[in-house]
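As a plain string of letters, each chain reads:
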Amino acid sequence: MDLTQLRMFCLVAETSSVARAAELLQRVPSNLTTRLRQLEQELGRDLFIREKQRLRLSPVGHNFLCYAERILALSEEAISMTRAGEPSGNFALGAMESLAVSHLPTLLSAYHARYPSVSVALTCSVSSDIVERVRAGTLATALVDGPIRADELNGCAAFGETLVLVSALDHTPIAHPQDIAGSTLLAFRAGCAYRHKLENWFHQAGVTPGHTIDVTSYAAMLASVASGAGVALLPLSVLDALAARERIQRHFLPEPLASASTWLIWRRDAFGPNVEAFKKLIIEQFDT
């Protein structure tokens, strides 16, 4: 098994086509077919289910793909670390959904201007998913709700956030969970750090909220709030960045619910030049 075989495997898995993968790799299809057969023989298992017009991953292939992607990501990181400490190559970055609306555009623009040779691949999801991807090695670093404590991870506070509760404009003031007992909550799916904070606020007060509706974007969240469908908790920086802020009412909350800390995390064994450069950029922009 070698890195070339793993790249071939991952590309065929992505395209479901040996011919298309061969074209992208500038190789003949027979070469890929032979190398993939050799990989399967070495593993003793079929990685693909072969049909007339396409290939699809077998159950074993799906599991193996996760490991192959991790190995390739670590190899890219290792190569980057040997290049005189200069950021280069691929940079797999993860972040909470909220940051794609607020802080990330400025950060990524500055990073690209300073290191144009780095190819940034951004993954946005809920905090719990992003943390697991950093632990697995498929993301080099990530910005998540912190602090994060795990043996294989290092991290540092990047910047703080003020969280606010938002409702329709005609809603009465909200300062305690009792003020919205039974109300519908609008939040990202389970694993979202802000959703957990809001649910814990109710739990600690012994108050039962209504049911929770999963949303897939902050634009959808605010549109639903403005229509009176429920209430939501989100960073003030996100609210200030979206046009819908004029159609909702914001409610400032007591500590500790009102404060959140975004952390930059990375694997202890993978603090490469790309991660180091991103950390320094955050310190420049947010150090107070």
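Please read these numbers as outputs of a predicted model, since none were measured by experiment.

1. What about the UniProt feature "domain: HTH lysR-type" (unreviewed entry) in the chain?
The UniProt feature table records "domain: HTH lysR-type" (unreviewed entry) at residues 1–58. Regarding residues 1–58, the helix share stands at 62% and the strand share at 10%, and the terminal C-alpha atoms are separated by 19 Å.

2. Brief notes about helix H3 (residues 29–43)
Counted at 1.5 Å a residue, the expected span for H3 with its 15 residues is 21 Å, and the 21 Å between its end C-alpha atoms agrees. Backbone geometry just after H3 places Gly44 at a positive phi near 75°.

3. Side note on the environment of Leu104
Its location among the elements puts Leu104 in helix H6 (residues 104–114). Owing to a relative accessible area of 2%, Leu104 belongs among the buried residues under this scheme. Those residues in contact with Leu104 that sit more than four places away from it in its chain are Leu93, Ala95, Leu99, Leu122, Leu143 and Phe278.

4. Notes on the packing of aromatic side chains
By the definition in use, this model includes 10 aromatic pairs. Taken together, a centroid distance of 5.2 Å and an interplanar angle of 65° make the contact between Phe9 and Phe64 edge-to-face. Highlighted residues: Phe9 in helix H1 (residues 3–15) and Phe64 in helix H4 (residues 59–81), separated in sequence by 55 residues. Grouping residues by exposure puts Phe9 and Phe64 together as buried. Their ring planes at 65° and their centres at 5.9 Å tell us that Phe91 and Phe278 sit as a pair that is edge-to-face. Within this pair, whereas Phe91 is found in strand E3 (residues 89–96), its partner Phe278 is found in helix H11 (residues 273–286), the two being separated by 187 residues in sequence. An aromatic cluster of at least three residues, connected via ring pairs, comprises Phe91, Tyr111, Tyr115 and Phe278.

5. A short note on a nonpolar patch on the surface
The grouping of Leu3, Tyr67 and Ile71 at the surface amounts to a nonpolar patch, some 270 Å² of accessible area in total. Summarising the element assignment, Leu3 is placed in helix H1.

6. Quick word on the environment of Cys66
Positionally, Cys66 belongs in helix H4. On the basis of relative accessibility, which here comes to 44%, the residue Cys66 falls in the partly exposed class. Spatially, the C-alpha atom of Cys66 lies 9.4 Å from that of Cys10, the residues being 56 residues apart in sequence.

Calculation criteria
The residue count restarts for each chain, going from 1 along the sequence in the order it is written. With pLDDT at 70 or above as the cut-off, local features in this predicted model cover only qualifying residues; side-chain atom pairs require 80 or more to be listed or tallied, and sums for whole chains, interfaces and linings still use all residues. Where side-chain values are given, they derive from all heavy atoms of the structure, hydrogens and water being excluded. UniProt positions are given in the numbering used here, feature names are shortened, and annotations may be inferred rather than shown by experiment. In this description a helix means any DSSP run of H or I spanning at least four residues, a strand means any run of E spanning at least two, and both kinds are numbered starting from the N terminus. The span you would expect from a helix comes to 1.5 Å times its residue count less one. Per-residue accessibility, obtained with a 1.4 Å probe over protein chains only, is compared with the maximum for each type, and a residue is labelled buried under 20%, exposed over 50%, and partly exposed between these values. Contact criterion: two residues are considered in contact whenever any of their non-hydrogen atoms come within 4.5 Å of each other. Pairing of aromatic rings covers Phe, Tyr and the six-membered ring of Trp, with a centre-to-centre limit of 6.5 Å; geometry is then stacked below 30 degrees between planes, edge-to-face above 60, and tilted otherwise. Patch membership requires more than 30% relative accessible area and the absence of a salt bridge. Residues of like charge join within 9 Å; the nonpolar side chains Val, Leu, Ile, Met, Phe, Trp and Tyr join within 5 Å. With residues, only the protein chains shown are counted as cover, and all accessible areas are computed by Shrake-Rupley using a 1.4 Å probe. The working definition used for a salt bridge is a side-chain nitrogen of Lys or Arg within 4 Å of a carboxyl oxygen of Asp or Glu.

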